[in-house]
Amino acid sequence: MKKMMFMLLAVAMLMLPAMVSHAGSLRNYITIVGSSTVYPFATVVAEKFGKTTEFKTPLIEATGSGGGLKLFAAGIGVKYSDITNASRRIKRSEFEKCRKNGVQEVIEIKIGYDGIVIANAKSAPRFKLSRRDLFLALAQEIPNPDGSPTVIANPYKTWQEVNQNLPATKIRVLGPPPTSGTRDAFVELAMAGGAKSFLWLKALKKKNKHKFKAIAHTIREDGAYVEAGENDNLIVQKLQADPESLGIFGFSFLDQNSDRVQGSLVDGIEPTFENIADGKYPVSRPLFFYVKKAHVAIIPGIKGYLKEFTSEKAFGEEGYLSDRGLIPMPQAEREHYRKVAAELKPILTPADF
Amino acid sequence: MNENSIDNLCSVTDTVRNGLARRYRAEKRFRWFGVCAIFLSLLFLVILFGDILSKGLPAFSQTRIKLSIFFDPDLLPADNLESADYNALVKSSCRKLFPEVKGRRSKRALYKLVSEGAAYELRKKVLQNHNLIGTTRDFWLIADDELDMLMKGKILRDSTGRYNQQQLGWIEKLEHDGRLRRQFNFTFFSSGDSRDPELAGILGALSGTILTLALTLLLSFPIGIGAAIYLEEFLKKGRFSDFLEVNINNLAAVPSIIFGLLGLGVFINFFGLPRSAPLVGGLVLALMTLPTIIISSRAAIKAVPPSIREAALGLGASPVQVVFHHVLPLAMPGMLTGTIIGMARALGETAPLLMVGMVAFIVDIPKSFNAAATVLPVQIYLWADSPERAFSERTSAAIIVLLIFLILMNASAVFLRRKFEKRW
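Residues numbered from 1 in each chain as written. Chains lettered and ligands numbered in written order. Predicted model: local features only at pLDDT ≥ 70, side-chain atom pairs only at ≥ 80, totals over all residues. Heavy atoms only, no water.

1. A few points about the overall build of chain A
So, step 1. Secondary structure assignment for chain A yields 17 helices and 13 strands.
So, step 2. In chain A, which comprises 353 residues, the share counted as buried stands at 53%.
So, step 3. Contacts spanning at least 24 positions in sequence make up 72% of the contacts within chain A whose residues lie at least 6 apart.
So, step 4. Here chain A displays about 15,200 Å² of accessible surface, and carbon together with sulfur accounts for 56% of that area.
So, step 5. One way to put it: in chain A the 48 positive side-chain charges average out to a point 6 Å from where the 37 negative ones average out. (Helix = DSSP H or I, 4+ residues; strand = E, 2+ residues; numbered from the N terminus. Buried < 20%, exposed > 50% of the residue type's maximum accessible area, 1.4 Å probe, protein only. Contact = heavy atoms within 4.5 Å. Areas by Shrake-Rupley, 256 points an atom, 1.4 Å probe, with all protein chains shown as cover. Lys, Arg positive; Asp, Glu negative; His and termini not counted. Charge placed at Lys NZ, Arg CZ, Asp CG, Glu CD.)

Have a look at this one:
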């Protein structure tokens, strides 16, 4: 017993330094971090890339756009990630941080669009919403109905109170929590878009951006908006169980569950593949990834991965990413980014912000 | 005075007698509550298992399509068998089956019935056996995940689903010709993660779990028991030991994510260990399990009767001999229980692993402590979050595998405990 114990201890202690020495060796696979919205697309590309080339399959972590950019900006070298996915554009502050930590050359590649849908169960009638309805139904404070430029706490309990043409069901929307990029995009595109339909709010945006944001970007907390976690599958299941509620999630989940849920019309436009690709559907956002140019020479396979991602069979009109729900960019834009990926330029400069 | 006391006695017996029925009732009620509690917890357990099993068991079988593949020598040049276009073989076989299909769109829809994994299967077969080239053979190839869902009744057979009328027609014909069947899903146990549900497997996460937990056990078990023995048997009780005790108890209650942050700061950023590796995961989980093991081991040592120690000392054993020959074997069952509780907790953790990069998409199966790896609960989380419908049954299947793993761990603990108990 005693001997065994000491042996175990000795083995455990000996193993540590042996492994530490390994860590300095070169990494022979790409590491990617970032957005959980881009994750389902990037992983498909990575898997194809790993299976069809001599390179190893890239490792992809879903850290969220903000978390990914933070890891990405930490520095240059095999310790740090090579690529970060983002469901929004890099911010100036994040770019500055990259430069401060030695990440001088960053290449931006846009991969396509993602639509954010407001859906309900197929057993219920389809909603026809406007962005103004969404704002009035979900904002913490709404413009005073008497028309004066003041706000009141949101009094609406049913959709009919918001808009006479909507059903008299209770307002109950299941959506992602504030940490989610989907929520950021929803707030920015749908709610702020709706808020701007009030002229005095539109004027306020020019005068006092913070005050506008406080009104247009704050979601009510009285139970009408239910934070349902980051798991979009869960929202789809909850919608089925409760046909009276609406849910907010990415287009790919609507696409995969088209037999269970239906997307509401927003401003008269149905969230279909074509409508999002055309830019008609108002609640959609571009998706990106960012590459460290300095790593292309160190880590094997980065160029190949970029080529695979920007190939027509991947992010093209009928590529395998569109099967997964990614909305492709127009032809000219695709060609532009294919060229960016091939030539690794232009690099981002402060002038881009 | 005398009468008074008799009266008193009577009144006491009366009170007792009067209260007796009430006390019996209370007794009965309490037992009934106990039965209810057990029944309720069993009910919840049955509901949980029933739900997981009913959702997860279908994932252990998989739909396959019988296709007669012509290994066209023109498509398989002898010098380039590695990267030949095996997909083309599948496609031409599909076309032969439905010669009436014309037009790019319809053809694409037809090819979608077969998984992309079929091409990899054919590639493997050809590389193993070059004689196949030039022949025509029948193979049961993996079907697409949505066809699988349709066959399992998870997607309705009408045009509201993911298939259009034309595709449903093909599927009906395939079924009629006996070209569709469900068979055991070997892929699930033999491959790593994939974004195609029909190709996704649990092996990568399983071996990641084994590597991580092995390291956790290797580190936390000896260190934890060593610490417990020293604290309990050798350290003088005083302010310092109180201080240690408070801190260990505190650590046992610290949320696991904090250990993850510590791992990120110390092991990855300071020592420069690789991200996403079982090495760091194991270290973090070992730190997390240590307090649990120390506390339960100390309790087990405390429970060894002092007479054993005194007898051994009295017969001339040294303090170290007393501990290792007498106290430790007696305390071992309790220590093992504590270790298993700690390991079971480590097995279910995702939060600390998030910080050290083990929540990731990893296709290759990890073979060393340095390789990128993920663990079972992380795999479950990642699959639960995937949009493809077929992943939901794989999520439940992975939960079943996790539960089996847990049962094996606990059973081995019970077995070891029995074994050690026999000595005394």
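Structure's up, so let's keep going.
2. Points about the overall build of chain B
So, step 1. When helices and strands are counted, chain B shows 16 helices and four strands.
So, step 2. Here the C-alpha atoms of chain B give a radius of gyration of 32 Å, more than 25% beyond the 22 Å that 2.2 N^0.38 yields for 424 residues.
So, step 3. C-alpha atoms of chain B, sized along the principal axes, occupy 115 × 60 × 40 Å.
So, step 4. Taken over 424 residues, chain B has a buried fraction of 47%.
So, step 5. Accessible surface, chain B: about 21,600 Å² in total, of which carbon and sulfur atoms supply 64%.
So, step 6. Positive and negative side-chain charges in chain B, numbering 48 and 36 respectively, have mean positions lying 3 Å apart. (Rg over C-alpha atoms; globule rule 2.2 N^0.38 Å.)

3. Here's the deal with the sheet that holds strand β2 (residues 136-142) of chain B
All names here are of chain B.
So, step 1. An order of β2-β1-β3 is seen for the three strands of this open sheet, with the pairing classed as antiparallel. Taken across any chain shown, the strands that pair with only one partner, and hence form the sheet edges, are β2 and β3 (180-184). Adjacent strand axes in the sheet meet at a mean angle of 40 degrees, parallel and antiparallel pairs treated alike. (Pairing = 2+ DSSP bridges. Axes fitted to C-alpha atoms, helices over the stretch in contact; angles between N-to-C directions.)

4. Brief notes about the packing of helix α9 (residues 239-252) of chain B against helix α11 (residues 278-302) of chain B
All names here are of chain B.
So, step 1. Remark: α9 packs on α11, axes separated minimally by 8 Å, with the N-to-C direction vectors making an angle of 125 degrees. The angle between the axes of α9 and α11 places the two elements in the oblique class. Crossing geometry of α9 relative to α11 is assigned as left-handed. Across the interface between the two elements, Glu245, Ile248, Asn249, Leu251 and Ala252 from α9 touch Pro291, Ile294, Ile295 and Arg298 from α11. (Parallel < 35°, antiparallel > 145°, perpendicular 65-115°, else oblique. Left-handed = near helix turned anticlockwise from the far one by under 90°.)

5. Details of the interface of chain A and chain B
So, step 1. The interface of chain A with chain B comprises 47 residues on the first partner and 53 residues on the second.
So, step 2. Ranking the residues of chain A by area buried against chain B places Gln256, Glu318 and Arg324 of chain A at the top, with a combined share of 14%.
So, step 3. Counting across the interface, chain A meets chain B through eight salt bridges.
So, step 4. Across the salt bridge formed by glutamate 61 of chain A and arginine 275 of chain B, the nearest N and O atoms sit 2.7 Å from each other. (Buried area = accessible area lost by both parts, 1.4 Å probe. Salt bridge = Lys/Arg side-chain N within 4 Å of Asp/Glu carboxyl O.)

6. A closer look at the side chain of glutamate 388 of chain B
So, step 1. Relative to the elements of secondary structure, glutamate 388 of chain B occurs in the loop between α15 (376-384) and α16 (390-422).
So, step 2. At 2.8 Å, the side chain of glutamate 388 of chain B and the side chain of arginine 324 of chain A are in polar contact.
So, step 3. Discounting residues that sit within four places of it in the chain, glutamate 388 of chain B has contacts with Gln256 and Arg324 of chain A together with Asp145, Arg195 and Pro197 of chain B. (Polar contact = N/O pair within 3.5 Å; in protein donor to acceptor, adjacent residues only side chain to side chain.)

7. Things to note about the side chain of serine 276 of chain B
So, step 1. With respect to the element layout, serine 276 of chain B can be found in the loop between α10 (256-270) and α11.
So, step 2. Residue classification places serine 276 of chain B among the buried residues on the basis of a relative accessible area of 2%.
So, step 3. A distance of 2.6 Å separates a polar atom in the side chain of serine 276 of chain B from the backbone oxygen of glycine 357 of chain B.
So, step 4. Residue contacts for serine 276 of chain B: discarding those within four places in its chain leaves Leu59 and Glu61 of chain A together with Val356, Gly357, Met358, Ala371, Ala372 and Ala373 of chain B.

8. A few points about the packing of helix α2 (residues 39-52) of chain A against helix α14 (residues 302-309) of chain A
Residues and elements named next belong to chain A.
So, step 1. The geometry of α2 relative to α14 is characterised by a closest axis approach of 10 Å and an angle of 120 degrees between their N-to-C directions. The pairing of α2 with α14 is recorded here as oblique in orientation. For the element pair α2 and α14, the recorded crossing hand is right-handed. Facing α2, whose interface residues are Ala42, Val45, Ala46, Lys48, Phe49 and Thr52, α14 presents Gly304, Tyr305, Glu308 and Phe309.

9. Brief notes about helix α5 (residues 131-138) of chain A
Residues that lie three or four places apart on an α-helix share one face, since the helix turns once every 3.6 residues.
So, step 1. Here α5 of chain A lies mainly inside the structure; six of its eight residues are buried.
So, step 2. Regarding α5 of chain A, the residues found buried are Asp133, Leu134, Phe135, Leu136, Ala137 and Leu138 of chain A.

10. A few points about the confidence of the model for chain A
So, step 1. Scored by pLDDT, chain A has a mean of 86; 93% of the residues are at 70 or more.
So, step 2. A low-confidence stretch, residues 17-24 of chain A (pLDDT under 50), is modelled with nine contacts involving residues beyond four sequence positions or located in other chains. (pLDDT = per-residue confidence, 0-100.)

11. Considerations on α14 of chain A
So, step 1. Of the positions making up α14 of chain A, those classed as buried are Ile302, Tyr305, Leu306, Glu308 and Phe309 of chain A. Taken around the axis of α14 of chain A, the buried residues stretch over an arc of 160 degrees, which confines them to a single face. (Arc of directions from axis to C-beta.)

12. Notes on unusual backbone geometry
Residue and element names in this part refer to chain A.
So, step 1. The linkage connecting lysine 345 with the following residue, proline 346, adopts the cis geometry, with an omega of 5 degrees.
So, step 2. Looking at the secondary structure, you find proline 346 in the segment after α17 (331-343).
So, step 3. A positive phi angle, close to 50 degrees, is found at aspartate 267, a residue other than glycine.

13. Topic: the nonpolar core
So, step 1. Counting 138 residues, the largest nonpolar core has Phe249, Tyr305 and Leu321 of chain A as the members making the most contacts within it.
So, step 2. Other than its neighbours up to four places away in sequence, leucine 321 of chain A contacts Phe41, Val44, Val45, Phe309, Ala314, Phe315 and Leu326 of chain A.
So, step 3. By size, the runner-up hydrophobic cluster in this structure holds 38 residues, among which are Cys94, Val101, Leu180 and Ala390 of chain B. (Core = buried A, V, L, I, M, F, W, Y, C linked by side-chain atoms within 4.5 Å.)

14. With respect to the pattern of salt bridges
So, step 1. Summed over all chains, the structure comprises 39 salt bridges over all chains.
So, step 2. The partner of lysine 280 of chain A in a salt bridge is aspartate 278 of chain A, with the nearest N and O atoms 3.8 Å apart.
So, step 3. Here glutamate 27 of chain B ties to arginine 31 of chain B by a salt bridge, and the two come within 3.8 Å at their closest N and O atoms. Of this pair, glutamate 27 of chain B and arginine 31 of chain B both sit in helix α1 (residues 2-56), four residues apart, roughly one helical turn.
So, step 4. In this structure glutamate 27 of chain B comes out as partly exposed when scored by relative accessible area, which is 46%.
So, step 5. Under the relative-accessibility criterion, arginine 31 of chain B is labelled exposed at 58%.
So, step 6. Among the ionic contacts, a cluster of salt bridges with common partners joins Asp148, Lys152, Lys154, Glu393 and Arg394 of chain B.

15. Side note on a nonpolar patch on the surface
All names here are of chain B.
So, step 1. Together, Ile38, Leu42, Leu45, Leu48, Phe49, Leu53 and Leu57 give the surface a local cluster of nonpolar side chains, amounting to about 630 Å² of exposed area.
So, step 2. Within the secondary structure, leucine 57 sits in the loop between α1 and β1 (61-70).
So, step 3. On the basis of relative accessibility, which here comes to 47%, the residue leucine 57 falls in the partly exposed class. (Patch = residues over 30% accessible without salt bridge, like charges linked within 9 Å, V, L, I, M, F, W, Y side chains within 5 Å.)

16. Quick word on the packing of aromatic side chains
So, step 1. Under the defined criterion, the tally for this structure stands at 21 aromatic pairs over all chains.
So, step 2. Ring centres 5.8 Å apart and planes at 85 degrees place the aromatic pair tyrosine 305 of chain A and phenylalanine 309 of chain A in the edge-to-face group. Placement of the pair is tyrosine 305 of chain A and phenylalanine 309 of chain A together in helix α14, with a separation of four residues, close to one helical turn.
So, step 3. Using a relative accessible area of 0% as the deciding quantity, one classes tyrosine 305 of chain A as buried.
So, step 4. For phenylalanine 309 of chain A, a relative accessible area of 0% puts it in the buried group.
So, step 5. Considering the side-chain rings of phenylalanine 60 of chain B and phenylalanine 188 of chain B, the 5.8 Å spacing of their centres and the 85 degrees angle between planes classify their relative orientation as edge-to-face. Taken together, the residues span a long stretch of sequence, with phenylalanine 60 of chain B in the loop between α1 and β1 and phenylalanine 188 of chain B in helix α7 (residues 187-190) at a distance of 128 residues.
So, step 6. Relative accessible area serves as the criterion here: at 14%, phenylalanine 60 of chain B is assigned to the buried category.
So, step 7. Here the aromatic residues Phe60, Phe184, Phe186, Phe188, Phe189, Trp383 and Phe391 of chain B are joined through ring pairs into a cluster of three or more.
So, step 8. In this structure, lysine 292 of chain A packs its charged tip against the face of phenylalanine 72 of chain A, placed 4.9 Å from the ring centre. (Phe/Tyr/Trp six-rings, centres within 6.5 Å; stacked < 30°, edge-to-face > 60°. Lys NZ or Arg CZ within 6 Å of the ring centre and 35° of its normal.)

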